[in-house]
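A closer look at the structure
In case you want the letters, here they are:
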Amino acid sequence: MIGKIEHLGIAVKDLAKSEKTYAAILNTMAYKREIVESEHVETLFFKSGENKIELLQALSDASPIAKFIEKRGEGIHHIAFDVDDIHAEMQRLVNEGFQLIHDTPKRGADNKLICFLHPKHTHGVLIELCQEIRE
Ligand code: ZN
């Protein structure tokens, strides 16, 4: 089952600068900082009520975030939806004709298994599915 929006991902050039900006807007400190090696990104998470905001900064030019910023500049990068069974949802969406960016889930930030839908079939929005890792 696909559930609520788990977080919004925002691509930023400078994590330290954007941390200050979002701390001021949300009137709270980031609660988690994490490097995701597989994506060459450093992430920072904020909570605002029920909602989470993920700031992502590229750690190298090979990062999808570096490519995104080069093409489109800073801004909203993805919308992540909570799923209870990522494998089942990936299969369901493939059956619906969507294209996944990777065939198998990756380990993402914040203790999640993640997978992305290709934005060319989603009206330009990068959609992330994320499932809490239960172990
Ligand atoms: Zn995300």
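The 8 strands are arranged β2-β3-β4-β1-β5-β8-β7-β6 in an open sheet whose pairing can be described as mixed. Because the sheet does not close on itself, it has two edges, and the strands there are β2 (32-36) and β6 (106-108). Neighbouring strand axes in the sheet, compared pairwise and without regard to direction, differ in orientation by 35 degrees on average. Where strand β1 (residues 2-12) meets strand β4 (residues 51-58), 5 bridges bridge the pair, whose relative direction is parallel. The residue bridging Ile-10 from the neighbouring strand is Leu-55, located in β4. Those strands touched by helix α3 (residues 86-95) are β1, β5 (75-83), β7 (112-117) and β8 (127-132), and its axis lies near 155 degrees from that of β8.

Averaged over every residue, the pLDDT of the protein is 95; residues scoring 70 or more account for 100%. Mean pLDDT across the elements of the protein bottoms out in β6 (90) and peaks in helix α1 (residues 15-26) (98).

Positioned with a positive phi, Asn-27 is a non-glycine residue whose angle comes to about 55 degrees. Mapped onto the elements, Asn-27 comes out in the loop between α1 and β2. If you check the backbone angles, Asn-111 has positive phi at about 60 degrees while not being a glycine. Mapping Asn-111 onto the fold places it in the loop between β6 and β7. Given the relative accessible area of 30%, Asn-111 is considered partly exposed.

How each quantity is defined
- Residue numbers restart at each chain and count upward from 1, following the sequence in its written direction.
- Where totals are concerned, whole chains, interfaces and linings use all residues; where local detail is concerned, this predicted model gives features only for residues with pLDDT of at least 70, and gives and counts side-chain atom pairs only at 80 or more.
- Here the side-chain values reflect all heavy atoms present in the structure, with hydrogen atoms and water set aside.
- Strands were regarded as paired on the criterion that DSSP finds at least two bridges between them.
- Under the scheme used here, helices are H or I runs from DSSP no shorter than 4 residues and strands are E runs no shorter than 2 residues, and both carry numbers assigned from the N terminus.
- Orientation is described by lines fitted to C-alpha atoms, with helices fitted over the stretch in contact, and by angles between N-to-C directions that extend from 0 to 180 degrees.
- In what follows, a contact means two residues having at least one pair of non-hydrogen atoms within 4.5 Å.
- On a range of 0 to 100, pLDDT expresses the predictor's confidence in each residue.
- Relative accessibility decides the category of a residue: with a 1.4 Å probe and only protein chains considered, values under 20% of the type maximum give buried, values over 50% give exposed, and everything between is partly exposed.

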